[in-house]
Amino acid sequence: MAKENFEALINEGIAALIPVYEKDLGNTSIVILKNGKEIRENRTVKALISRMARHFGKDLTLIRKEYGRVIHRRNGVPLPLSSSYIMIPVKFREKPFSLNDGTLGYISFYEIEKVKEKDKKRSLILFRCGKEVEVYLSLSTVNSYLKDARLISKINEDKENKENKLKVIELLSELFSKSG
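The numbering scheme is per chain: residues are counted from 1 as the chain's sequence reads. Local features are withheld for residues below a pLDDT of 70 in this predicted model, meaning they are given only at 70 or higher, and side-chain atom pairs are given and counted only at 80 or more; totals for whole chains, interfaces and linings count all residues. By convention in this description, side-chain values take in all heavy atoms of the structure and omit both hydrogens and water.

(A) Highlighting the overall build of the protein. Strands here mean DSSP runs of E at least two residues long; helices mean DSSP runs of H or I at least four residues long; both are numbered from the N terminus. Counting its secondary structure elements, the protein contains 4 helices and 9 strands. When its helices and strands are written in sequence order, the protein yields α-β-β-β-α-α-β-β-β-β-β-β-α. Residues counted as buried form 43% of the 180 residues belonging to the protein. Summed over its atoms, the accessible surface of the protein is roughly 10,700 Å², and 51% of this surface lies on carbon and sulfur atoms. None of His or the chain ends enter the tally, which takes Lys and Arg as positive and Asp and Glu as negative. In plain terms, the charge of a residue is placed at NZ if it is Lys, CZ if Arg, CG if Asp and CD if Glu. Each charge sign in the protein was given a centre, from 34 positive and 24 negative side chains, and these centres are 4 Å apart. Type-normalised accessible area, obtained with a 1.4 Å probe on protein chains alone, sets the label of each residue: buried when under 20%, exposed when over 50%, and partly exposed for intermediate values. For accessible areas, the Shrake-Rupley method is used with a probe of radius 1.4 Å. Any residue's cover is judged against the shown protein chains and nothing else.

(B) Region of the structure containing the sheet that holds strand β9 (residues 132–135). What makes two strands pair is DSSP finding at least two bridges between them. A sheet is described by the order of its strands in space; here 3 strands give the open sequence β7-β8-β9, paired in antiparallel fashion. Only two strands of the sheet have a single partner each, and these edge strands are β7 (112–117) and β9. Averaged over all neighbouring strand pairs, the angle between strand axes comes to 25°, with direction disregarded. In this sheet, β9 lies alongside strand β8 (residues 123–127) in antiparallel orientation, the contact comprising 4 bridges. When the sheet's bridge partners are listed, L124 is paired in β9 with E134. Fitting a line to C-alpha atoms yields each axis, with helices limited to the stretch in contact; the angle taken between N-to-C directions then spans 0 to 180 degrees.

(C) Structural detail: the pattern of salt bridges. Any carboxyl oxygen of Asp or Glu that lies within 4 Å of a side-chain nitrogen of Lys or Arg is treated as forming a salt bridge with it. Evaluated as defined, the whole model comprises 9 salt bridges. A salt bridge links R43 to E41; the shortest N-O distance between them is 3.0 Å. Since its relative accessible area comes to 25%, R43 is described here as partly exposed. A salt bridge links R122 to D119; its shortest N-O distance comes to 2.5 Å. Under the relative-accessibility criterion, R122 is labelled partly exposed at 22%.

(D) The arrangement of the nonpolar core in detail. In terms of nonpolar packing, the biggest core is built from 47 residues, with I14, L17, M52 and L81 touching the most fellow members. Take this core: its biggest share by element is 6 residues, from strand β1 (residues 14–22). Should any heavy atoms of two residues lie within 4.5 Å, those residues are counted as being in contact. Once you skip the residues sitting within four places of it in the chain, I14 turns out to touch F6, L9, V31, I32, L33, K34, M52, Y85, M87, S108 and E111. For our purposes a nonpolar core is just a set of buried Ala, Val, Leu, Ile, Met, Phe, Trp, Tyr and Cys residues, chained together by side-chain atoms within 4.5 Å.

(E) Structural detail: the side chain of R73. Among the secondary structure elements, R73 is positioned in the loop between α3 (60–71) and β4 (79–82). In the analysis that follows, any N or O atom pair within 3.5 Å is treated as a polar contact, provided that within protein one partner can donate a hydrogen and the other can accept it, and provided that, for residues neighboring in sequence, both atoms belong to side chains. Within the structure, R73 has its side chain in polar contact with the backbone oxygen of N75 (distance 3.3 Å). Setting aside anything within four residues of it in sequence, one finds R73 in contact with G68, S144, Y145 and D148.

(F) Seen up close, a nonpolar patch on the surface. Candidates for patches are residues over 30% relative accessible area with no salt bridge; among them, like charges are joined within 9 Å and nonpolar side chains (Val, Leu, Ile, Met, Phe, Trp, Tyr) within 5 Å. On the surface, V168, L172, L175 and F176 cluster together into a nonpolar patch covering about 400 Å² of accessible area. Positionally, L175 belongs in helix α4 (residues 139–179). Residue classification places L175 among the exposed residues on the basis of a relative accessible area of 52%.

(G) Spotlight on the pairing of β8. Most of β8 is tucked away: 5 of the 5 residues are buried. Burial along β8 is two-sided: S123, I125 and F127 and L124 and L126, pointing in opposite directions, are all buried. Across 5 bridges, the pairing between β7 and β8 is antiparallel. Residue pairing across strands places K116 opposite L124, the latter belonging to β8.

(H) Layout of the packing of aromatic side chains. The pairing test for Phe, Tyr and Trp rings, Trp by its six-membered ring, is centres within 6.5 Å, and the orientation test on the planes gives stacked under 30 degrees, edge-to-face over 60, and tilted for anything in between. Scanning the model with the defined rule gives 2 aromatic pairs in all. With 5.6 Å between their ring centres and 55° between their planes, F56 and Y85 make a pair best called tilted. You can see F56 sitting in the loop between α2 (45–55) and α3 and its partner Y85 sitting in strand β5 (residues 85–91), a full 29 residues away along the chain. Classification of F56 as partly exposed rests on a relative accessible area of 26%. A ring has a charge above it when a Lys NZ or an Arg CZ is no more than 6 Å from the ring centre and no more than 35 degrees off the ring normal. In this structure, R43 is placed above the aromatic ring of F6, and the distance from its NZ or CZ to the ring centre is 5.6 Å.

What follows is the structure in structure tokens.
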């Protein structure tokens with residue numbers, strides 16, 4: 001899929017990025033959209049999440065470092081890419097097929113409807129669109145990730161509100177300095 005097409009998917013709304021192994025293609029992905037539509041993507045989840053970050057002008061390394069400090073974790077840090085995207089890394093495969101096949105995919109925090117326990121090691125995530133996916137994380141781990149995502153969402157919202165207020169103050173300051 002071309003870069004422009006993936007940009008269109010981002011704008012349409014992504015609910016999940018899921019790693020899958022295709023016999024002839026190797027490590028590929030399934031993109032679940034907010035409307036429930038599934039799209040096969042020949043790139044890895046890692047490449048797709050990097051593409052999303054670039055789309056929003058974000059540096060994944062800095063995000064992981066900054067918000068990892070807040071939630072006291074180095075791995076599994078939810079990624080606030082925009083006001084409508086907080087992507088949570090979750091384990092979709094028990095173990096990789098080969099060295100470069102990752103187990104992690106990403107789910108959009110704002111698209112999660114409900115989480116249920118499948119067994120002691122796996123959970124089911126139900127999206128607002130009605131789709132359901134299985135992850136290799138216990139229910140308590142998923143709930144911990146959701147709690148962290150809620151905290152990051154609030155911090156990110158406060159940060160954006162502060163930035164917007166500063167922009168308004170700058171505009172008003174400019175306006176008054178020109179009229180005076």
